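# Understanding the architecture of this molecule
Residues per chain, in single letters:
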Amino acid sequence: MLNRLGIAGVLLFLLAPDVFAHDVLRQRIEALNAGYEVEAAGEPLMAKTALKLFYSQRNYALAWTNQAHRDAFNVALTIARRNGLSPDDYHARALAALEARPISTLTPMQIVDQDLLLSDGYLLLASHLLEGKVNPETIDSEWLANRRQRAIEPILAQALATSEIVEMLAALQPQQNGYRRLLKAREAMGHLVDQPWPAIAGGPALKPGTTDPRVAAVRQRLELLGEGLDGGENPAQEAAYYDEKLAGVVATFQRRHGLDADAVVGSGTLAALNTSPAMRLAQIDVNLERWRWLPDDLGSSHMLVNIAGFELELIRNGDLSQRYRVIVGRPFRRTPVFSDKVRYLVFNPTWTVPKTLLVEDKIPEIIRDPSYLRRLGFTVYQGWGADRKEVNPESIDWKTVSRKRFPYQLVQDPGPQNALGQVKFMFPNKFDVYLHDTPSRDLFQKTERSFSSGCVRVEHPLALAAELLGHMPEWSPERIDRVIHERSLTTVYLKTPMPVHIQYWTAWVDREGQLQFRNDLYERDLRVRHALQSRNPGGSSGQRVMNKEG
């Protein structure tokens with residue numbers, strides 16, 4: 001003690017513990033300000049910038065001297081758990097150890113530790129509820145987030161001043177209905193975590209009208225999942241019979257999991273049935289985190305594309321107006337995640353083949369089929385811009401042309417063969433990704449629709465175009481049909497740009513209240529799950545609170 005404090009410090013410690021605590025607190029914050037790593041009760045302090053601002057603004061006075069406030073923080077930790085976050089990230093264990101001791105037995109040093117841990121935990125939890133624990137852009141280059149950001153330290157100051165410790169935190173979690181519905185689904189799934197979940201054995205596919213001992217296990221599993229079977233209609237000796245009612249429930253289950261709703265329990269359906277509640281809970285937590293990466297307001301009217309769900313929703317004044325199937329990028333040409341606004345539509349577009357796609361896909365096609373370019377309406381140009389010159393494709397030796405310094409452009413004329421179809425919806429972005437039509441209509445009948453090179457193909461694009469132009473009376477459906485029939489390249493600017501959010505959700509609750517799960521098409525879930533489980537994930541969204549000003 002003497003070595004650390006000196007005689008004057010020991011006297012201050014003995015005679016004026018409150019003043020001593022104030023002095024120690026100030027020294028800790030000054031150490032943070034100088035760039036040192038600072039701990040409290042052996043726990044590293046994480047919300048560095050916010051802590052410095054918070055305590056300096058209160059002249060380094062202790063903040064958590066009120067027992068009711070400390071009790072409220074323990075209640076606030078249940079908010080973290082309900083939102084799929086770990087209370088241990090917010091010093092729950094260290095605080096519990098300090099709280100287990102009577103306050104009168106704590107030394108001034110321990111009181112400072114407790115105060116710092118409470119403030120740090122609160123600030124960090126507030127940051128995570130507001131903008132997410134994980135910064136997606138550091139773990140996925142194809143993910144641009146538009147997170148909610150605001151100063152955190154005034155929130156803590158207000159919470160303490162008004163004794164609204166819990167209420168201020170609860171107000172920070174996303175308020176969108178989609179997030180709230182998923183929170184309720186998480187609570188229901190949590191009740192199943194402790195249930196035994198033995199794997200249902202593999203074997204021949206189970207089909208309606210057949211008998212198999214595994215049918216009883218399927219029936220029991222669906223009952224646990226609340227799929228509408230009461231288990232009372234079949235006597236024990238008939239439990240292994242796959243009846244019509246069970247077939248209907250299986251088909252519903254399959255639809256909720258993005259499977260072919262054929263009522264046949266094959267390998268895919270069996271894998272979904274065998275996925276444990278703990279794994280589903282982790283999947284829900286990943287998608288709750290993705291909601292926290294979104295802004296408060298998606299727009300009263302907007303378009304929402306769910307890549308993993310192969311679906312586009314058009315929202316008008318907060319209500320679902322239309323729902324369309326979509327085709328998204330293949331796993332090696334993934335559709336990126338970002339938000340933007342559709343600013344204009346192009347009817348009868350030409351298509352200039354991107355260089356990467358040209359070199360990797362088109363040149364091999366041309367070599368295999370010399371009639372490919374003529375048959376699909378491509379024009380070949382040498383050079384770019386106004387100085388480009390049309391070239392006869394038959395004069396080119398496609399086998400020897402340089403891939404690295406490719407001198408040609410391929411432009412596909414408007415028409416039924418055009419890769420963009422009859423209309424494209426433009427929102428210029430760094431990924432060069434947009435929504436468009438496609439001549440490959442049959443692909444929309446597939447359950448899993450990842451066939452594009454990154455752009456999003458829409459099943460009924462002209463219907464969507466009519467919806468977006470509905471507030472522009474000069475663009476009636478009849479005029480749209482006429483323009484399409486004439487095959488004239490036509491650009492139409494929207495009077496009011498339409499927000500579009502291209503997202504990636506593998507778990508959500510739809511507007512009918514059904515919990516939906518989808519395969520992790522691009523294997524994006526795992527990185528987020530690992531980051532959520534890490535005490536200090538690389539690229540935490542809390543970095544702004546932790547070590548950056550502002």
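Residues numbered from 1 in each chain as written. Predicted model: local features only at pLDDT ≥ 70, side-chain atom pairs only at ≥ 80, totals over all residues. Heavy atoms only, no water.

### Section: the pattern of salt bridges
For the structure on display, the rule yields 28 salt bridges. Between Arg-256 and Glu-227 there is a salt bridge, and its shortest N-O distance comes to 2.2 Å. One end of the pair, Arg-256, is in helix H11 (residues 244-256); the other, Glu-227, is in the loop between helix H10 (214-224) and H11, and 29 residues separate them in sequence. Taking the relative accessible area as the measure of exposure, Arg-256 reaches 9% and is therefore buried. The buried category is assigned to Glu-227, whose relative accessible area is 11%. Notably, a salt bridge pairs Arg-290 with Asp-525, separated by 2.8 Å at the nearest N-O pair. (Salt bridge = Lys/Arg side-chain N within 4 Å of Asp/Glu carboxyl O. Helix = DSSP H or I, 4+ residues; strand = E, 2+ residues; numbered from the N terminus. Buried < 20%, exposed > 50% of the residue type's maximum accessible area, 1.4 Å probe, protein only.)

### Some details on the environment of Glu-523
You can see Glu-523 is positioned in the loop between strand S17 (515-517) and helix H18 (525-533). Distance in space between the C-alpha atoms of Glu-523 and Pro-331 is 8.7 Å, their sequence separation being 192 residues.

### Observations concerning empty space enclosed by the protein
Here the structure, examined in full by the defined rule, presents 4 cavities of 30 Å³ or more. In this structure, the largest cavity spans a volume of roughly 70 Å³. Taken together, His-257, Gly-258, Ala-308, Phe-310, Glu-448, Arg-518, Asn-519 and Leu-521 make up the full set of residues lining the largest cavity. Partitioning the lining of the largest cavity into residue classes produces 3 nonpolar, 3 polar and 2 charged. (1 Å grid on protein atoms, 1.4 Å probe; cavity = no way out; pocket = protein on both sides within 12 Å on 5 of 7 lines; lining within 4 Å. Points joined across faces, edges and corners; volume = space filled by probe spheres on them. Nonpolar A, V, L, I, M, F, W, Y, C, P; charged D, E, K, R; others polar.)

### Points about the sheet that holds strand S9 (residues 389-391)
With respect to topology, 4 strands assemble into an open sheet ordered S7-S10-S8-S9, the strand pairing being antiparallel. Strands with a single pairing partner mark the edges of an open sheet, and in this sheet they are strand S7 (351-352) and S9. (Pairing = 2+ DSSP bridges.)

### Topic: the confidence of the model for the chain
Taken as a whole, the chain shows an average pLDDT of 90; of its residues, 92% reach a score of 70 or greater. A low-confidence stretch, residues 1-5 (pLDDT under 50), is modelled with 7 contacts involving residues beyond four sequence positions or located in other chains. Note on residues 7-15: pLDDT under 50 across the span, and 12 contacts to partners over four residues away in sequence or across chains. (pLDDT = per-residue confidence, 0-100. Contact = heavy atoms within 4.5 Å.)

### Some details on the packing of helix H6 (residues 108-131) against helix H7 (residues 153-162)
The axes of two packed helices give the description: the angle between them and the distance between them. Relative orientation of the contacting elements H6 and H7 amounts to 120 degrees, with a least axis distance of 9 Å. In this view, H6 runs oblique relative to H7, as classed from their interaxial angle. Pair H6 / H7 crosses with right-handed handedness. Contact residues: H6 offers Ser-119, Tyr-122 and Leu-123, while H7 offers Glu-153, Leu-156 and Ala-159. Among the residues making up the contact of H6 with H7, the classes are represented as 4 nonpolar, 1 polar and 1 charged. (Axes fitted to C-alpha atoms, helices over the stretch in contact; angles between N-to-C directions. Parallel < 35°, antiparallel > 145°, perpendicular 65-115°, else oblique. Left-handed = near helix turned anticlockwise from the far one by under 90°.)

### A few points about the packing of helix H3 (residues 48-57) against H7
Across the interface, H3 lies against H7 with an axial gap of 9 Å and an inter-helix angle of 45 degrees. Taken together, the axes of H3 and H7 lie oblique to each other. Here H3 runs over H7; the crossing is right-handed. Of the residues in H7, those in contact with Ala-50, Leu-53, Phe-54 and Gln-57 of H3 are Glu-153, Leu-156, Ala-157 and Leu-160. Broken down by class, the residue content of the contact of H3 with H7 amounts to 6 nonpolar, 1 polar and 1 charged.

### Some remarks on the nonpolar core
Ranked by internal contacts, the top residues of the largest apolar core, which has 122 residues, are Met-303, Val-342, Leu-345, Phe-347 and Leu-468. A per-element tally of this core places H6 first, with 11 residues. If we ignore the near neighbours within four places in the chain, the residues touching Leu-345 are Val-423, Lys-424, Phe-425, Ala-465, Leu-468, Leu-469, Thr-490, Thr-491, Val-492 and Leu-494. Membership of the second largest hydrophobic core comes to 19 residues, among which are Tyr-179, Leu-182, Trp-508 and Phe-517. (Core = buried A, V, L, I, M, F, W, Y, C linked by side-chain atoms within 4.5 Å.)

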